[in-house]
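Survey of secondary and tertiary structure
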Amino acid sequence: MQSEKSLLQLNPAFKFRQFSICSSGLCFPVTTDSVLLGAWAEIGASAHILDIGTGSGLLAIMLAQRSDQSSVIDAVETDPLAVKVAEANVKNSAWTAKIKVQHSLIQNFVPNERYDVIICNPPYFDEKVYSPSALKNKQRHQTSLDFNELSIVCDLFLQQKGSIFVVVPFNKEPQLSSSFLSKSIYCVKMTKVYHYKHSEPSIALLKYGRSLASIELHHLILYDVQGKRSHDYHHLVKDFYL
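Residues numbered from 1 in each chain as written. Predicted model: local features only at pLDDT ≥ 70, side-chain atom pairs only at ≥ 80, totals over all residues. Heavy atoms only, no water.

A word on the overall build of the protein chain. Broken down by element type, the protein chain carries eight helices and 10 strands. Entry remark: accessible area of the protein chain is about 12,100 Å², with carbon and sulfur atoms responsible for 51%. (Helix = DSSP H or I, 4+ residues; strand = E, 2+ residues; numbered from the N terminus. Areas by Shrake-Rupley, 256 points an atom, 1.4 Å probe, with all protein chains shown as cover.)

Below, the structure written as structure tokens:
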């Protein structure tokens, strides 16, 4: 059996403009989905931010870069190995004072107060096809946090005027929105993300809140016909990607 020390060996860092992200061989590589979500989420002058399932700490660090100096970010993660990876990445960033990595099931987590912003890139493959790695199962399947549980947690933790930001595969959006709707939390903004102009939408960037309003709908095409980042994609991530 592999020792915890061997499991914690980190892959080379993925370098962003103002920070770097290391991941372990078993979990939480940098993904386009998370980078898009971290750049797209509207945080304004939010004082209290919650990152559910922080993994490598990427989203927490992205929001730390974008938020006010006085903001506090709770980065909650259930897996002990991922917690150590996130702690290492936060320690190597410029925002160690703003981010608190918390080792806890989100269902058991007790915050000091409700949050202005909640952000999450949740597990989303609910098909019963499991990989040999229990950790990968938790990342890719709804075995540790399904959409219903996510909606319950967000309802408990979100301030009355707060916002929730989530990314899911486009075909999972109705299921997620239905779960939030059962808690009187409404989708107020959606960006459909396409790899190319004529492809089907692959993911949805979603904003939820407690006030019912018409959905603000946007479209984001990632690449032009030559495979280069589109103008809109470049503009969205320009503060992060080198």
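Before going further, it helps to examine the packing of helix H6 (residues 147-157) against helix H7 (residues 173-181). For the pair H6 and H7, the least separation of the axes is 8 Å and the interaxial angle reads 40°. With respect to their mutual orientation, H6 and H7 come out oblique. Seen along the crossing, H6 lies across H7 with a hand that is right-handed. Along the contact surface, H6 presents Phe-147, Asn-148, Leu-150, Ser-151 and Cys-154, while H7 presents Gln-175, Leu-176, Ser-179 and Phe-180. Among the residues making up the contact of H6 with H7, the classes are represented as five nonpolar, four polar and no charged. (Axes fitted to C-alpha atoms, helices over the stretch in contact; angles between N-to-C directions. Parallel < 35°, antiparallel > 145°, perpendicular 65-115°, else oblique. Left-handed = near helix turned anticlockwise from the far one by under 90°. Contact = heavy atoms within 4.5 Å. Nonpolar A, V, L, I, M, F, W, Y, C, P; charged D, E, K, R; others polar.)

This part covers the sheet that holds strand E7 (residues 158-169). The sheet built from eight strands is open, its strands ordered E5-E4-E3-E6-E7-E9-E8-E10 with mixed pairing. Two strands bound the open sheet, and with one partner strand each, they are strand E5 (99-103) and strand E10 (216-221). Strand after strand, the sheet turns through a mean of 15° between neighbouring axes, direction not considered. Pairing of strand E8 (residues 186-194) with E10, which is carried by six bridges, proceeds in the parallel orientation. Bridge pairing in E10 places Lys-189 opposite Glu-216. Sitting on the sheet, helix H2 (residues 32-40) touches strand E6 (115-120), E7, E8, strand E9 (201-209) and E10, and the angle it makes with E9 is about 35°. Contacting E7, E8 and E9, H7 crosses the sheet at an angle of about 10° to E9. (Pairing = 2+ DSSP bridges.)

Turning our attention to the nonpolar core. Among the nonpolar cores identified, the biggest contains 39 residues, and Phe-16, Phe-19, Leu-36, Leu-37 and Ile-99 are the most heavily contacted of them. When residues in this core are grouped by element, the largest group, seven residues, is from helix H3 (residues 58-66). Residues within four places of Leu-36 in sequence aside, it is in contact with Val-193, Ile-203, Leu-205, Leu-220, Leu-222, Tyr-233, Leu-236 and Val-237. Counting 26 residues, the second-largest nonpolar core is a separate cluster that includes Phe-109, Cys-120, Val-153 and Val-166. (Core = buried A, V, L, I, M, F, W, Y, C linked by side-chain atoms within 4.5 Å. Buried < 20%, exposed > 50% of the residue type's maximum accessible area, 1.4 Å probe, protein only.)

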